[in-house]
Structure formats: structure tokens, C-alpha cells
Amino acid sequence: MTPANAPNDSLFTRALHSQRVWATALPAFDPATAPAEPVALFRDWFVEAAGAGVVEPHTMHLATVDEAGRPDVRTLMMHDADDRGWHFASHATSAKGRQLAARPDAALGFYWPAQGRQVRIRGRVATGTAEEAYADLHARSTGALAAALVGRQSEPLPDLATLSEASDAAWERAGREPAADVKTWTAYVLEPREVEFFQGDERRRHVRLRYRREDGPGWTRELLWP
Ligand SMILES: Cc1cc2nc3c(=O)[nH]c(=O)nc-3n(C[C@H](O)[C@H](O)[C@H](O)COP(=O)(O)O)c2cc1C
């Protein structure tokens, strides 16, 4: 540690050491009452997270691997969760798009701190049709369309002025041409093989319930040591 870093390091250390998890009243979770299908439980927990005021409960982490097997992760918006799986959208030409095209195995993670709840999902990502991508692109705000119209996601950007110019042009076009298409915009669905629900507990007796399925339709359920 150099002297120049000392004040910042001590602020950092104090801030870090003052943090707590599972220090509030948390809901009880009885796995014996859990439904046979994980998506039903996920949808219940999502409604409860939104109702409890969890900030942006629809954001999730998507983990992929690149062609060399190196993991990558980023935050995305969940667009739906249904019998097919967990839906999201992005550019096929982005890093994640290229990684998923080469290796469609992926994982998602949600964390809802107000309730001490985590959900982890593993499976394969299927690519939706062009019609699904178009519908997704136009289901949301002008800002979402403008952001997609900017394109070139994950390419190196020479400077912020270049982004500002491209963004202004995209906002202008999104307003003038609300039906504009973005060919690289792609709808994806992660089809789950494993879904784990984690209910945190103040005394660290966390409850973990994992659903698993192979190729058949039914799910098996098992508890895991925390
Ligand atoms: C809260 C939040 C939501 C995001 N939602 C999306 C999204 O739905 N789709 C998307 O392509 N990128 C989204 N991003 C940006 C991604 O995290 C990421 O920067 C981008 O997709 C490029 O990732 P890649 O280089 O791994 O492909 C979001 C970022 C944040 C912080």
C-alpha cells in the first residue's frame, strides 16, 4: 500500500467492513410447499420481490463462456419467464451473442437482497425468430429502440463524442420511424435444466432447493447443504 492510497484504502476498508447481509427479518421458505415446476416458484418470488420494493428485480446476470472456455458475465433485463424459460434480448453481434452462437450453455443469476433470496438457473440458450426479435424491440420504450439502433455493441469506441453523435441520430430516427428494425437485435430464451432457489436466514440456516431435469418433462427436487 502506497501512502497516496492510504486514506482511500481506509475509507474502503471501513465501508466494506460495515456491510451486512441477512441482518434483517427475512421471509421463511418451506420447500415442502414448493410447486412441481421451478418457473411457478420463480414467478411467485418475483412478484414478492417487486412487492417488497426490491430495486430492479428484473435485472439478472448472464454468464456465458467464450470459445476458449473463459467465463464472461454481464447484467441484462429479463423480458419474461414462462414455460419455455427465461427470456432476454441483445445484439447477436455483441460479445455475448457471439459466445452464445459458439457455446449456447449459459447461466443466470438473480439476487433480491431485501428478502435474502437468490435464484440460479443453468441451461441452454435458444435463439428466437426474427419476428420475436422485432416484437421484443417494439414492446418497450423509444429509448430502448434508440439504444438498439445505435448498434455496434461491444465494439471498441474511439471517443464519447462519436457515441453522442450516433445516439442523437438514433433517438431522432426512433422518434421519426418507430417501426424501424434492427437486424442484429435477437430474442433469446434460456431453457432451464437446473434452477436453484436460495432463501437466506439470519442464523445462516439458509434453505437451498434445487430443481433438475434431464430430457424428460418432469423435474426432480432436492435440498442442498448451504
Ligand atoms: C441494469 C442493466 C440492464 C441491461 N440490460 C441489457 C439488455 O437487456 N440487453 C443488452 O444487450 N444489454 C443490457 N445491458 C448492458 C450489458 O450489461 C452489457 O454491457 C452489454 O450487453 C454488452 O455485453 P457483452 O459485451 O458481454 O455482449 C444492461 C446493463 C445494465 C447495467
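Residues numbered from 1 in each chain as written. Predicted model: local features only at pLDDT ≥ 70, side-chain atom pairs only at ≥ 80, totals over all residues. Heavy atoms only, no water.

1. Quick word on the overall build of the protein chain
1) Next: Assigned secondary structure in the protein chain consists of 6 helices and 9 strands.
2) Next: With the C-alpha coordinates of the protein chain rotated into their principal frame, the extents come out at 60 × 55 × 40 Å.
3) Next: Here the protein chain holds 226 residues, and 35% of them are scored as buried.
4) Next: Across the protein chain, contacts joining residues at least 24 apart in sequence account for 65% of those joining residues at least 6 apart.
5) Next: In the structure as shown, the protein chain presents an accessible area of about 13600 Å², 55% of it carried by carbon and sulfur atoms. (Helix = DSSP H or I, 4+ residues; strand = E, 2+ residues; numbered from the N terminus. Buried < 20%, exposed > 50% of the residue type's maximum accessible area, 1.4 Å probe, protein only. Contact = heavy atoms within 4.5 Å. Areas by Shrake-Rupley, 256 points an atom, 1.4 Å probe, with all protein chains shown as cover.)

2. Things to note about helix α4 (residues 130–137)
1) Next: Three or more residues of α4 are buried, namely Ala-133, Asp-136 and Leu-137. Viewed end-on, α4 has its buried residues packed into an arc of 100°, placing them on one side of the element.
2) Next: In this fold, the buried residues of α4 make contact with β4 (86–91), α5 (142–150) and β7 (185–199). (Arc of directions from axis to C-beta.)

3. So, unusual backbone geometry
Peptide bonds are, in most cases, trans, and in most cases residues other than glycine have a negative phi.
1) Next: Of note, Arg-152 is a non-glycine position whose phi angle comes to about 55°, a positive value.
2) Next: Position of Arg-152 among the secondary structure elements: in the loop between α5 and α6 (160–176).
3) Next: For Arg-152, a relative accessible area of 61% translates into the label exposed.
4) Next: One non-glycine residue, Ser-154, lies in the positive phi region at around 75°.

4. Re the UniProt feature "domain: Pyridoxine 5'-phosphate oxidase dimerisation C-terminal" (unreviewed entry) in the protein chain
1) Next: Those places that UniProt annotates as "domain: Pyridoxine 5'-phosphate oxidase dimerisation C-terminal" (unreviewed entry) correspond, in this numbering, to residues 185–226.
2) Next: Structurally, residues 185–226 comprises 0% helix and 62% strand, and the distance from its first C-alpha atom to its last is 39 Å. (UniProt positions renumbered as here; feature names shortened; annotations may be inferred.)

5. Remarks on the packing of α5 against α6
1) Next: Where α5 contacts α6, the two axes come as close as 8 Å, and the packing angle between them is 130°. By the angle class used here, α5 and α6 are oblique. In terms of crossing hand, the pair formed by α5 and α6 is right-handed. Residues Thr-142, Gly-143, Leu-145, Ala-146, Leu-149 and Val-150 of α5 form the contact with α6, whose own contacting residues are Leu-163, Ala-166, Ser-167, Ala-170, Trp-171, Arg-173, Ala-174 and Gly-175. (Axes fitted to C-alpha atoms, helices over the stretch in contact; angles between N-to-C directions. Parallel < 35°, antiparallel > 145°, perpendicular 65-115°, else oblique. Left-handed = near helix turned anticlockwise from the far one by under 90°.)

6. Observations regarding the UniProt feature "domain: Pyridoxamine 5'-phosphate oxidase N-terminal" (unreviewed entry) in the protein chain
1) Next: The positions UniProt marks with the feature "domain: Pyridoxamine 5'-phosphate oxidase N-terminal" (unreviewed entry) are residues 52–163.
2) Next: With 26% helix and 37% strand, the stretch residues 52–163 has end C-alpha atoms that lie 37 Å from each other.

7. As for the packing of aromatic side chains
1) Next: Under the defined criterion, the tally for this structure stands at 12 aromatic pairs.
2) Next: Between Phe-110 and Trp-112 the ring centres are 5.6 Å apart and the planes differ by 50°, which places this aromatic pair in the tilted class. Accessibility assignment for this pair places Phe-110 and Trp-112 in one class, buried.
3) Next: By the ring-pair criterion, three or more aromatic residues cluster together here, those being Phe-29, Trp-45, Phe-197, Tyr-211 and Trp-219.
4) Next: In this arrangement the basic side chain of Arg-117 is found over the ring face of Trp-45, its NZ or CZ atom lying 4.1 Å from the centre. (Phe/Tyr/Trp six-rings, centres within 6.5 Å; stacked < 30°, edge-to-face > 60°. Lys NZ or Arg CZ within 6 Å of the ring centre and 35° of its normal.)

8. Quick word on the site of the ligand
1) Next: For the ligand, the full set of nearby residues is Thr-59, Arg-74, Thr-75, Leu-76, Met-77, Ala-89, Ser-90, Ser-94, Ala-95, Lys-96, Gln-153 and Ser-154.
2) Next: A distance of 2.6 Å is found between an oxygen atom of the ligand and a backbone nitrogen or oxygen belonging to Thr-75.
3) Next: Contact distances for the ligand include 2.5 Å between an oxygen atom and a side-chain N or O atom of Ser-154.
4) Next: Bound to the protein, the ligand loses 67% of the 630 Å² it would expose on its own.
5) Next: Every element with two or more residues in the shell around the ligand is listed here: β2 (71–77), β4 and α3 (95–102).
6) Next: Per-element tally for the shell around the ligand: the top contributor is β2, with 4 residues. (Near = heavy atom within 4 Å. Polar contact = N/O pair within 3.5 Å; in protein donor to acceptor, adjacent residues only side chain to side chain.)

9. Quick notes on the pairing of strand β5 (residues 105–112)
1) Next: Relative to β5, strand β1 (residues 59–65) is paired through 3 bridges, and the arrangement is antiparallel. If you follow Ala-63 over to β5, its bridge partner there is Ala-107.
2) Next: Pairing analysis gives 8 bridges linking β5 to strand β6 (residues 117–127), with the strands arranged antiparallel. Residue pairing for β6: Gly-109 is matched across the bridge by Arg-120.
3) Next: Linking two consecutive strands that pair antiparallel, namely β5 and β6, is a turn of 4 residues; a positive phi of about 65° is found at Gly-116 within it. (Pairing = 2+ DSSP bridges.)

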